[in-house]
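Listed below, chain by chain, are the residues.
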Amino acid sequence: MSDFLKKGYILNLELRRKYLNDGTEIKKIIRELVDDKTFEDTKIPFAAITADLVKGEKLVINRGKLFDALLASASISGMFPPVILDKKILVDGGIVDVVPIEAAQSLGANFVIAVSVSQTIKKRDEFNNAVEILFRSDSITSSELRKLQLSFADVVITPKVGRFHWSDFSKPEQCIREGEIAAQNTILELKKKLKKVKPSWWKRLFY
């Protein structure tokens, strides 16, 4: 998006629109994944995190159609159209809850493993225009919010994927491998801390 802004495409044309992509493809993908299934069909408790633009607050969805909830949770602000659900205007919940640890705990989790896949903020000395300053400010806000939320996790796994932009899907194998390496490096810490945890719903799935 930053590249688009630099080239002037959005400033000259796209800012007149409410979103850049109509979301047709992402709807097809989500439909193929969950079809008409509901939250009640999930074996592991699940919730989708969204942000309500009307009230300006986080909304955790854990009932109804999975398709509606996943679409709302994937509707990146400005990129895809917001989802209208129960008279609410919903977008991706990342703007209010970057790492939804509180939501996991509300579902009954008494041990939370968080995975941080965000890009690190690199030092920068010069800014050429207001747009760059705006994006920089937003990045700093998100980073600080992420640090705060990660502090409440029992274990944090941090794959070295900061060099990949969130919108780059061209190197899935590398991202998966980095995730495997990071998880393996955390195994000892994970096992040590899990020994102190009381049995919960997740243990019944594996034992």
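Small disclaimer: the values here were computed from a predicted structure and weren't measured. (Residues numbered from 1 in each chain as written. Predicted model: local features only at pLDDT ≥ 70, side-chain atom pairs only at ≥ 80, totals over all residues. Heavy atoms only, no water.)

Considerations on helix α4 (residues 66-74)
Taken as a whole, α4 has its buried residues at Leu-66, Phe-67, Ala-69, Leu-71 and Ala-72. Considering only its buried residues, α4 is in contact with α3 (24-34), β1 (48-52), β2 (57-61), β3 (83-85) and β4 (88-92). (Buried < 20%, exposed > 50% of the residue type's maximum accessible area, 1.4 Å probe, protein only. Helix = DSSP H or I, 4+ residues; strand = E, 2+ residues; numbered from the N terminus. Contact = heavy atoms within 4.5 Å.)

Some thoughts on unusual backbone geometry
Not every positive phi belongs to a glycine, and Asp-35 is a case in point at roughly 50°. Topologically, Asp-35 is positioned in the loop between α3 and β1. Its relative accessible area of 43% is what places Asp-35 among the partly exposed residues. A positive phi angle, near 65°, is found at Lys-87, a position not held by glycine.

Concerning the packing of aromatic side chains
How two aromatic rings sit relative to each other is set out by the distance from centre to centre and by the angle between their planes. Here the structure, examined in full by the defined rule, presents 1 aromatic pair. For the pair Phe-39 and Phe-46, a centre-to-centre distance of 5.7 Å together with 15° between the ring planes defines the contact as stacked. Taking NZ or CZ as reference, Arg-31 lies 3.9 Å from the ring centre of Phe-67, over its face. (Phe/Tyr/Trp six-rings, centres within 6.5 Å; stacked < 30°, edge-to-face > 60°. Lys NZ or Arg CZ within 6 Å of the ring centre and 35° of its normal.)

A word on the pairing of β4
Across 3 bridges, β1 lies against β4 in antiparallel orientation. From the neighbouring strand, Thr-50 faces β4, where its bridge partner is Asp-92. As defined by bridge partners, β3 adjoins β4 across 3 bridges and the pair is classed as antiparallel. What sits directly across from Ile-84, in β4, is Ile-89. (Pairing = 2+ DSSP bridges.)

As for the side chain of Thr-186
Relative to the elements of secondary structure, Thr-186 occurs in helix α7 (residues 172-194). In contact with Thr-186, other than residues within four places in its own chain, are Val-155, Val-156 and Ile-157.

As for helix α6 (residues 130-150)
Taking 1.5 Å of rise per residue, 21 residues should cover 30 Å, and α6 covers 30 Å from first to last C-alpha, within 8% of that figure. For α6, every residue scored as buried is listed here: Glu-132, Ser-143, Arg-146, Gln-149 and Leu-150. Projected down its long axis, α6 carries its buried residues within an arc of 130°, all on one side. Away from its buried face, by an angle of more than 90 degrees, α6 presents the exposed residues Ala-130, Leu-134 and Thr-141. (Expected span 1.5 Å × (residues − 1). Arc of directions from axis to C-beta.)

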